[in-house]
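# Descriptive structure summary
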Amino acid sequence: MLQHLRIQNLALMEEAELAFDSGFHSVTGETGAGKSVLLGALAILSGNRVEKSIIRRGQNACVVEASLYTRGKPAESISEWLRENELPECEEDTLIISRSIYTQKAARVLVNGKMTTVSKLRELGALWIDFHGPGEPQKLMDENFQLAMVDSYGNYRIERERFAAAYKNWKTVSYEINQLREQEFLDEDALRYLEIQLNKLQSLELEEPAIQSLESDFKRMSHAQEIGEAAHACYEALAGNSGTLDALGAALRAASELSEMDVDAEPLEERLNSLYVEAEDLANEYRERIEGATFDPSEAEDLQKRMALWMDLKRKYGGDRASVLSKRDSMAQKIQDQGNVEGRLIELESQLERAYSDAEISAKALGLKRRTAASKLQTEVVKVLKTLGFKKADLKIQVSSVPRLSERGADSIEFLFSANPGSDPLPLNQIASSGEMARVMLALKTVLARYDGTPVLVFDEVDANVGGEIGKAVGDRLKALAEKHQVFCITHLPQVAAKGSFHWRVLKDQTDENTAIHIDAITDNRAERISELARMMGDRNSATALKHAEELLG
């Protein structure tokens, strides 16, 4: 739910801070007053593309900020998305979004205080807001959109995921077969070169411990003289003439004599003896280091060759062990495929047959779910259409099988509609009236919204080309939607505006030097609201219009 909205320097609006609650919000105003500014602000926050021309004239930046209270499934989806994109979690279930558009520099987007991109903002917007504008009914002509509506209603996620996986597997095997058939076969010289390179890769042990040991041994060999000299110095200091061991030996003899005379000194003798043993062990280990710093000539030559080969492989094939391993496996696969292309094709074609069968079975199961969902959806939509002025309307959603699989499955879909009894249902693109199209879309959206978790719905003049009692019915539908969603509707119909639990009026102020727009909340001012509804009927000073407005408000 949208809680707060701050707009600064957007189009003709200088600044506004608005607070919202759940329910149905109607937005009204004179034609050209700037009602679309509110819509534009929400579009900016949802990640829509915008031009710099939206910045208020004479200003350097436009800023739109919002806080949204999240709960239930939308909150879970938003939290998961935030984690996946390494953005801060919501505090106290509140999502904070900010977007700034500048005249002279790149835009800035903040989500819960951390910068992100506009494309990420667009992904986030799909989780919390859905727009329905004047062009929305035209989407009903698109078969993909029709199918998406039925799938959304049916909510058969398992069948869709199962088909998607099967279809992807079939396409992957098909692609591999085509690649294998179209690949250029290597001539004898190219094959020999590939085998030589693979032998080089296979001659070196490429497991992580082996590479670490090689690099460590090479480093020791490269610094053998310095290692030997340093180890010798340590050894001499411990075990050389007048070294630490000689001094500790003399001290031990004196400590032994002391212990014979003073029993309380025995613990000191024991500690001194431990120190002597430790120093002796250290001397022996340093002596081993001296011996280890000396490499056999043949061993050193082998180590240098292996290190040179490893450096050459890294330089050629990517700079790290994973890239070298990938290249080795790729070469081995090419040689294997070269030697047994026909056998590989037979194997893949067998896989292809099984993959297509799996995809076909999954597509049929998905198609059955779609037919069931389409039948239930058309029944529900017809019921809603009757409340929108279509007393005898008929809507048919036909799902048919097609012979060829696609990423959608094996189904085609067609929405057929008849507004009047005695008329055969026809494809939607043959409906002449834009008002009828708008109401069909509203009926579909009303039904689907019950299954849609998007918390904020925005309707821009969805009541265009309707009026009278039908306008009241549209308002009733929007108000019903607001029981489970926060609904914003920009409207010219008083019958719709009167149904709003909240009423926002957009005003344009003009002087000789300046034009500005303002958004006022008139929900709690009954007189102002009646006046606005009367204006929408044609005359705010008409006693008849004022009386009708008061009746609309109840």
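The preceding data block contains the structure.
Okay, so let's go over this structure. Treat the numbers as computed from the prediction; the structure is a model and nothing was measured.

Below, the discussion takes up the sheet that holds strand β6 (residues 108–111). Here we have six strands laid out as an open sheet, ordered β2-β1-β4-β5-β6-β7, and antiparallel in their pairing. Two strands close off the open sheet at either side, each with one partner strand: β2 (13–19) and β7 (114–116). Going across the sheet, the axis of each strand differs from the next one's by a mean of 15°, ignoring polarity. The pairing of β6 with β7 spans three bridges and is classified as antiparallel. Within β7, the position partnered with V111 by the bridge is K114. Where helix α1 (residues 36–45) meets the sheet, its contacts fall on β1 (2–10), β2, β4 (61–69) and β5 (94–102), and the angle it forms with β1 comes to roughly 105°. Against the sheet, helix α3 (residues 118–128) makes contact with β4, β5, β6 and β7, and its axis sits at roughly 140° relative to β5, the strand it touches most.

Any aromatic ring pair is given by two values, namely how distant the centres are and how the planes are angled relative to each other. Taken as a whole, this structure holds six aromatic pairs when the rule is applied. For the ring pair F20 and F488, a centre distance of 5.1 Å and an interplane angle of 85° mean the geometry is edge-to-face. In this pair, F20 sits in the loop between β2 and β3 (24–29) while F488 sits in strand β13 (residues 486–490), placing the two residues 468 residues apart along the sequence. Residue classification places F20 among the buried residues on the basis of a relative accessible area of 8%. Residues W170 and Y356 carry aromatic rings whose centres are separated by 5.1 Å and whose planes lie at 65° to one another, so their mutual orientation is edge-to-face. A residue pair is termed long-range when its members are at least 10 positions apart, and W170 in helix α5 (residues 157–182) and Y356 in helix α13 (residues 341–387) qualify at 186 residues.

Considering the arrangement of structural elements, one finds L238 in helix α8 (residues 224–239). What makes L238 buried here is its relative accessible area of 13%. Sequence separation between L238 and R99 is 139 residues; the distance between their C-alpha atoms is 70 Å. Each residue touching L238, except ones within four places of it in the same chain, is listed here: G243, T244, L245, A279, L282, A283 and Y286.

We now examine the pattern of salt bridges. This structure, assessed with the given rule, holds 19 salt bridges. R6 serves as the salt-bridge partner of E65, at 3.3 Å between the closest nitrogen and oxygen. With E65 in strand β4 and R6 in strand β1, the pair connects residues that are 59 residues apart, well separated along the chain. Measuring nitrogen to oxygen at the nearest pair gives 3.2 Å for the salt bridge that ties R408 to E143. One end of the pair, R408, is in the loop between β9 (394–406) and β10 (409–418); the other, E143, is in helix α4 (residues 143–154), and 265 residues separate them in sequence. Each of D151, R160, R370, R371 and D411 takes part in salt bridges that share partners, so that together they form one network.

Attention now goes to empty space enclosed by the protein. This model, assessed by the stated rule, comprises one cavity of 30 Å³ or more. A volume near 40 Å³ is recorded for the largest cavity. In this structure, the largest cavity is lined by V27, L38, L39, L42, V458, F459, F488, C489 and I490. Counting only elements with at least two residues in the lining of the largest cavity, the list comes to α1, β12 (456–460) and β13. The residue makeup of the lining of the largest cavity, split by class, is nine nonpolar, no polar and no charged.

The next thing to look at is the pairing of β2. The pairing of β1 with β2 spans six bridges and is antiparallel. From the neighbouring strand, L5 faces β2, where its bridge partner is L18.

Let's shift gears to the pairing of strand β14 (residues 502–510). Relative to β14, β3 runs parallel, the two sharing five bridges. Bridge assignment links G29 to a residue of β14, and that residue is V506. Bridge count between β14 and strand β15 (residues 515–521): seven bridges; the pairing is antiparallel. Residue pairing for β15: L507 is matched across the bridge by H518. Taking the residues that link successive antiparallel strands as the turn, the β14-β15 hairpin has four residues.

So, about the side chain of D151. Tracing the sequence through the fold places D151 in helix α4. On the basis of relative accessibility, which here comes to 5%, the residue D151 falls in the buried class. Leave out the neighbours within four places in its chain, and D151 touches Y156, R160 and R370.

Reading guide: rules and limits
Residues numbered from 1 in each chain as written. Predicted model: local features only at pLDDT ≥ 70, side-chain atom pairs only at ≥ 80, totals over all residues. Heavy atoms only, no water. Pairing = 2+ DSSP bridges. Helix = DSSP H or I, 4+ residues; strand = E, 2+ residues; numbered from the N terminus. Axes fitted to C-alpha atoms, helices over the stretch in contact; angles between N-to-C directions. Contact = heavy atoms within 4.5 Å. Phe/Tyr/Trp six-rings, centres within 6.5 Å; stacked < 30°, edge-to-face > 60°. Buried < 20%, exposed > 50% of the residue type's maximum accessible area, 1.4 Å probe, protein only. Salt bridge = Lys/Arg side-chain N within 4 Å of Asp/Glu carboxyl O. 1 Å grid on protein atoms, 1.4 Å probe; cavity = no way out; pocket = protein on both sides within 12 Å on 5 of 7 lines; lining within 4 Å. Points joined across faces, edges and corners; volume = space filled by probe spheres on them. Nonpolar A, V, L, I, M, F, W, Y, C, P; charged D, E, K, R; others polar.

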